[in-house]
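The primary structure of each chain is shown beneath.
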Amino acid sequence: MTTVHLSNVTKHYGSTVAVQDFNLEVADGEFVTLLGPSGCGKTTTLRMLAGLVEPTGGRILFDDQEVTWLAPRARNIGFVFQAPALFPHMSVADNIGFGLSVKGRDKAFIRQRVDEMLDLVDLEGYGKRLPAQLSGGQQQRVALARVLATDPRVLLFDEPLSALDKNLRDTLKYSILELQRKTRKTAIYVTHDQSEAFAISDRIVVMNAGRIEQIGTQTDIYLKPRTPFVAEFIGANNGLNGTVVAVDGSGDDAVVRVDTGGLLLRRRGRTRLTPGQAVLAYIRPEDLSVLEDGDGRVHLNTIEGTIDRLIFEGASAQLRVEVAGVEMRADISGGQRLALVQREGRVRLGFDDVTLIPSEAEAGTAVVTDGVPDEAGPAA
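Residues numbered from 1 in each chain as written. Predicted model: local features only at pLDDT ≥ 70, side-chain atom pairs only at ≥ 80, totals over all residues. Heavy atoms only, no water.

By the definition in use, this model includes seven aromatic pairs. Note on Phe 198 and Tyr 222: the rings are 6.3 Å apart at their centroids and 85° apart in plane angle, and the pair reads as edge-to-face. Of this pair, Phe 198 sits in helix α7 (residues 194-200) while Tyr 222 is found in helix α8 (residues 218-223), placing the two residues 24 residues apart along the sequence. When its relative accessible area of 24% is taken as the criterion, Phe 198 is described as partly exposed. Judged by relative accessible area, Tyr 222 falls into the partly exposed class, the value being 23%. Taking the centre distance of 5.3 Å and the plane angle of 10° together, the rings of Phe 229 and Phe 233 count as stacked. (Phe/Tyr/Trp six-rings, centres within 6.5 Å; stacked < 30°, edge-to-face > 60°. Helix = DSSP H or I, 4+ residues; strand = E, 2+ residues; numbered from the N terminus. Buried < 20%, exposed > 50% of the residue type's maximum accessible area, 1.4 Å probe, protein only.)

Given below as structure tokens:
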């Protein structure tokens, strides 16, 4: 059982900054995911943890042991790559036991350990098969078993499901989580897939351009984005530029009023925003409801616009509405999505939740530690 600490870890390739001042504490047995677009530095960070890439600066510790400059073998980590990379001429059992044989363990111990690993990954009876006789998902489970067989201190995953089809990814991501929970290994997982990150993580680290944008749980990241990048990268959002025109009341009952140049938005709750401050306002499509005549629901915000188009997606539908010269997206589910298929003309939308983030020019350096940020919210 191991804790992982990264302190100001940096990696430069000449004038190119791959990772800059990366700070993270991973608790013993925690499952943390590095999430971000291609080129954001997440895989470079993982490879520095593994010892495959030397950092330009900073420190990496496993418990109280500094491993910054240790060779990969000396760190006792388990690294699961995008491709299983199994030895094609060796049986499943020999692939799983390979790391133990390299370490000089006796054959009886290796056989026992291989049997334990096959049982752990639900591949009992597959030991004599060759990798070519397995499906993609089974091959990746063998790769997991091979890593776990050596009893590593830390598990590192570099987009291990990216080469699999969607159904296999959906199944195997939960298998990885279950294995991590059973073994109680500290795990750090890299992906660009938000659904993977949300499904399996204890905490998520959102990265952008080599830096951390925000660290938090799934609900922190989704409901309380602290930077425009996080608000726009995670899920879908309607984004509007605005200015705070008034703050009425105080505490939990305070109401912030924001002028977006065509709409006046209201947001209720604690805030540190002040009149005249420039903000970015975000409204989740799933938070928008279509209001029919006679609808008795009361919303903090009600807007009206013209239906541009409806994109039917089966279980849900995207309704695109032009409101004050801006296209707004509402995600509609249930029977209402069918009633809207042939709908044209004007429509009213109601919503309560708005996320307000100070504009980048005013926000300065984003707060990325866990807990309540300087500008708290689901909205400011």
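The next point concerns the packing of helix α3 (residues 92-102) against helix α4 (residues 107-120). Relative orientation of the contacting elements α3 and α4 amounts to 125°, with a least axis distance of 9 Å. Classed by the angle they form, the pair α3 and α4 counts as oblique. Crossing of α3 over α4 shows right-handed handedness. Between α3 and α4, the residues in contact are Val 92, Ala 93, Ile 96, Gly 97, Leu 100 and Ser 101 and Phe 109, Ile 110, Arg 113, Val 114, Met 117 and Leu 118, respectively. For the contact of α3 with α4, the per-class residue count stands at nine nonpolar, two polar and one charged. (Axes fitted to C-alpha atoms, helices over the stretch in contact; angles between N-to-C directions. Parallel < 35°, antiparallel > 145°, perpendicular 65-115°, else oblique. Left-handed = near helix turned anticlockwise from the far one by under 90°. Contact = heavy atoms within 4.5 Å. Nonpolar A, V, L, I, M, F, W, Y, C, P; charged D, E, K, R; others polar.)

Quick look at the side chain of Gln 214 now. Position of Gln 214 relative to the elements: it lies in strand β10 (residues 211-216). Here Gln 214 falls in the buried class, since its relative accessible area comes to 0%. Within polar-contact distance, the side chain of Gln 214 engages the backbone oxygen of Lys 224 at 3.0 Å. (Polar contact = N/O pair within 3.5 Å; in protein donor to acceptor, adjacent residues only side chain to side chain.)

This part takes up the pattern of salt bridges. Applying the stated rule across the entire model yields 18 salt bridges. Here Lys 182 and Glu 178 are joined by a salt bridge, their closest N and O atoms 3.5 Å apart. With a gap of four residues between them, Lys 182 and Glu 178 both fall in helix α6 (residues 166-183), about one helical turn apart. Taking the shortest distance from any N to any O, the salt bridge between Asp 308 and Arg 309 comes out at 2.7 Å. Since its relative accessible area comes to 46%, Asp 308 is described here as partly exposed. Arg 309 gets classed as partly exposed once you look at its relative accessible area, which sits at 37%. (Salt bridge = Lys/Arg side-chain N within 4 Å of Asp/Glu carboxyl O.)

Let us look at the sheet that holds β10. Strand order in this open sheet of six strands is β6-β7-β8-β3-β9-β10, and the pairing throughout is mixed. With partners counted over all chains shown, the strands left at the sheet margins are β6 (77-80) and β10, one partner each. Sheet twist, expressed as the mean angle between neighbouring strand axes with direction ignored, is 15°. In the sheet, strand β3 (residues 31-35) pairs with strand β8 (residues 186-191) via five bridges, with the strands oriented parallel. Its bridge partner lying in β8, Thr 33 is registered against Tyr 189. Along the sheet, α6 contacts β3, β7 (154-158) and β8; its crossing angle with β3, the most-contacted strand, is approximately 140°. (Pairing = 2+ DSSP bridges.)

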